[in-house]
Amino acid sequence: MTESDSEYVKLISSDGFEFVIHREAAIRSGTIKNMLCGPVQFRESVDNEITFRDIKAIILEIVCRYLYYKWQYEGSTTEIPEFKIEPEFVLETLMTADFLEC
């Protein structure tokens, strides 16, 4: 198996924290999907590692949790529970989600 076929991807925050998540969860983000699977061979797609210079760990952790939430409930026919975010992180998370196309 080549690195680009890896089951996991490492997302690195601006403050150096590393989050290893399933590739299938990660590609729920349009931006991450383009970096990993797009027609252009980004370094990230070879290394399976993406560094976000402008996203702090606390926000990247929320994004990772949301990507798993989105993956879990995608196509669900049952009632989907609310995804909770602490009020002090809502605005920054929203701006990050917009950038990541989640």
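Remember, it's a predicted structure, so these values are computed and weren't measured experimentally.

Novice: Mind laying out the sheet that holds strand β3 (residues 49-51), listing which residues take part and the relevant values?
Specialist: Pairing in this open sheet of three strands is mixed, and the strands run β2-β1-β3 from one edge to the other. For this open sheet the edge positions go to β2 (18-22) and β3, each flanked by a neighbour on one side alone. Averaged over all pairs of adjacent strands, the angle between strand axes in this sheet comes to 20 degrees, irrespective of strand direction.

Novice: Tell me about the pairing of strand β1 (residues 8-12), and please be specific about residues and values.
Specialist: With five bridges joining them, β1 and β2 adopt antiparallel strand pairing. When the sheet's bridge partners are listed, isoleucine 12 is paired in β2 with glutamate 18. Turn length for the β1-β2 hairpin, with the two strands adjacent in sequence and antiparallel, is five residues, and the turn residue glycine 16 shows positive phi of about 90 degrees. One ladder, built from three bridges, connects β1 with β3; its direction is parallel. Bridging across to β3, lysine 10 finds its partner in glutamate 49.

Novice: Account for helix α5 (residues 90-100), naming residues and giving values.
Specialist: All buried positions along α5 are accounted for by Thr93, Thr96 and Leu100. Within α5, the buried residues cover an arc of 65 degrees as seen down the axis, which keeps them to one side. Turned more than 90 degrees from where α5 packs its buried face, Leu91, Leu94, Met95 and Asp98 sit exposed. Considering only its buried residues, α5 is in contact with α2 (30-37) and α4 (57-73). Glutamate 101, located one to two residues past α5, shows a positive phi value of around 55 degrees.

Rules of the game
- Residues numbered from 1 in each chain as written.
- Predicted model: local features only at pLDDT ≥ 70, side-chain atom pairs only at ≥ 80, totals over all residues.
- Heavy atoms only, no water.
- Pairing = 2+ DSSP bridges.
- Helix = DSSP H or I, 4+ residues; strand = E, 2+ residues; numbered from the N terminus.
- Axes fitted to C-alpha atoms, helices over the stretch in contact; angles between N-to-C directions.
- Buried < 20%, exposed > 50% of the residue type's maximum accessible area, 1.4 Å probe, protein only.
- Arc of directions from axis to C-beta.
- Contact = heavy atoms within 4.5 Å.

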